[in-house]
Amino acid sequence: MSLAEVTQALNDAVETACRAPGDVALIAVSKVQPDERVDAVLAEGHRLFGENKVQEAAGKWPAFRERYNGIILHLIGPLQTNKARQAMELFDVIQTLDRPKLANIFARLIGEGLDCPDLMIQVNTGAEPQKAGVLPDDADDFIAECRDLGLPIIGVMCIPPADEDPVPHFKLLKDIAERNALHEISMGMSADFEQAVACGATCVRVGSAIFGERDYG
Ligand SMILES: *Cc1c(COP(=O)(O)O)cnc(C)c1O
């Protein structure tokens, strides 16, 4: 596919779901992609991107920001506490707040005067041991705890288990968002963004369908 084709498919899914045009933001996931491909998508006018590693984002986005105005960058991968400060400086939104230790560090850095990006809580909807995220049963308490710390929590995100029907996971995340009065719901990737839109996603994270397969070689 391409940016134009994914945009079209997203618009179709939004219409099918009887949702308003513009209800769902397309985050182009540029991790591991060569700079030329990212540049081509920027040149087409796209401005919303996701990266999953702080180091990788630090190596490429400052230069893109010098050349293109209006870039909005989301962190969608796990964040180590020793990179929290750098992440706060690099990203406009951090989607992967998932533990009290990280929440406390954000609160401390805000106290030191750092601007805090908007934050989202990652929920491990499949309770997979190897995956980051708070467990669904702990989500309400963790969200309340983060709010008590004064953190700017705007939403939730999930990455369903690779080998399962994602729909129950999308519904679970939507429920958590609703009962905590959180507007932003980040779910859906190349293979399942249309289903995520039907389940209430407000942003989808699409990589390979826009840029082509990632070459980890
Ligand atoms: C890589 C990644 C994506 C995009 O995956 P595709 O299948 O290439 O669309 C979405 N979300 C997260 C958290 C990712 O790490």
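Parameters and conventions
- Residues numbered from 1 in each chain as written.
- Predicted model: local features only at pLDDT ≥ 70, side-chain atom pairs only at ≥ 80, totals over all residues.
- Heavy atoms only, no water.
- Helix = DSSP H or I, 4+ residues; strand = E, 2+ residues; numbered from the N terminus.
- Rg over C-alpha atoms; globule rule 2.2 N^0.38 Å.
- Buried < 20%, exposed > 50% of the residue type's maximum accessible area, 1.4 Å probe, protein only.
- Contact = heavy atoms within 4.5 Å.
- Near = heavy atom within 4 Å.
- Polar contact = N/O pair within 3.5 Å; in protein donor to acceptor, adjacent residues only side chain to side chain.
- Areas by Shrake-Rupley, 256 points an atom, 1.4 Å probe, with all protein chains shown as cover.
- Nonpolar A, V, L, I, M, F, W, Y, C, P; charged D, E, K, R; others polar.
- Phe/Tyr/Trp six-rings, centres within 6.5 Å; stacked < 30°, edge-to-face > 60°.
- Patch = residues over 30% accessible without salt bridge, like charges linked within 9 Å, V, L, I, M, F, W, Y side chains within 5 Å.
- Salt bridge = Lys/Arg side-chain N within 4 Å of Asp/Glu carboxyl O.
- Lys, Arg positive; Asp, Glu negative; His and termini not counted.
- Charge placed at Lys NZ, Arg CZ, Asp CG, Glu CD.

Enquirer: What should I look at first to understand the overall build of the protein chain in this one?
Expert: Counting its regular elements, the protein chain contains nine helices and eight strands. Here the protein chain has a C-alpha radius of gyration of 17 Å; the compact-globule value for 217 residues is 17 Å, and the two agree. Taken over the C-alpha atoms alone, the protein chain extends approximately 40 × 40 × 35 Å along its principal axes. In the protein chain, which comprises 217 residues, the proportion classed as buried is 50%. If you take every contact in the protein chain between residues at least 6 apart in sequence, the share linking residues at least 24 apart comes to 60%.

Enquirer: Help me understand the site of the ligand in this model?
Expert: Taken together, the neighbourhood of the ligand is formed by Val29, Lys31, Asn52, Ile76, Ile159, Met189, Ser190, Arg205, Val206, Gly207, Ser208 and Arg214. Interatomic distance of 2.9 Å between a side-chain N/O atom of Arg205 and a nitrogen atom of the ligand. Measuring from an oxygen atom of the ligand, one finds a side-chain N or O atom of Arg214 at 2.7 Å. The fraction of the free accessible surface of the ligand (390 Å²) that becomes covered by protein chains is 89%. For the shell around the ligand, a count of residues per class yields five nonpolar, four polar and three charged.

Enquirer: Would you explain the packing of aromatic side chains in this entry?
Expert: Here the distance between the centres and the angle between the planes together describe a pair of aromatic rings. Tallied over the full model, the rule gives two aromatic pairs. Summarising the aromatic geometry, the rings of Phe49 and Trp61 are spaced 4.8 Å apart at their centres and angled 45° between planes, so their arrangement reads as tilted. A residue pair is termed long-range when its members are at least 10 positions apart, and Phe49 in strand β2 (residues 48-51) and Trp61 in helix α3 (residues 54-67) qualify at twelve residues. Following the ring pairs from residue to residue traces out a cluster consisting of Phe49, Trp61 and Phe64.

Enquirer: Please explain the side chain of Gln33 as it appears in this structure.
Expert: Inspection of the secondary structure puts Gln33 in the loop between β1 (25-29) and α2 (35-43). Once residues within four sequence positions are removed from consideration, Gln33 is found in contact with Val38, Lys60, Phe211, Gly212, Glu213 and Arg214.

Enquirer: Quick question: what am I supposed to make of the environment of Asp39 here?
Expert: Tracing the backbone shows Asp39 in helix α2. The spacing of Asp39 and Tyr68 is 29 residues in sequence and 9.6 Å in space, taken between C-alpha atoms. Excluding anything up to four places from it in sequence, Asp39 contacts Phe64, Arg67 and Tyr68.

Enquirer: Mind showing me how you'd approach a negative patch on the surface here?
Expert: Where like charges cluster on the molecular surface, the negative patch consists of Asp137, Asp138, Asp141, Glu145 and Asp148. Relative to the helices and strands, Asp138 is located in the loop between β5 (118-122) and α6 (139-148).

Enquirer: Explanation requested: the pattern of salt bridges in the structure shown.
Expert: Close approach of charged atoms allows side chains with opposite charge to pair. Across all of its chains, the model carries eleven salt bridges by this definition. In this structure, Arg67 engages Asp39 in a salt bridge whose closest nitrogen and oxygen atoms are separated by 2.8 Å. Of this pair, Arg67 sits in helix α3 while Asp39 is found in helix α2, placing the two residues 28 residues apart along the sequence. With a relative accessible area of 53%, Arg67 lands in the exposed category. One salt bridge connects Arg85 with Glu112, and the closest N-O pair in it is separated by 2.9 Å. One end of the pair, Arg85, is in helix α4 (residues 84-90); the other, Glu112, is in the loop between α5 (100-111) and β5, with 27 residues separating them in the sequence. Residues participating in the shared-partner salt-bridge network are Glu51, Glu56 and Lys60.

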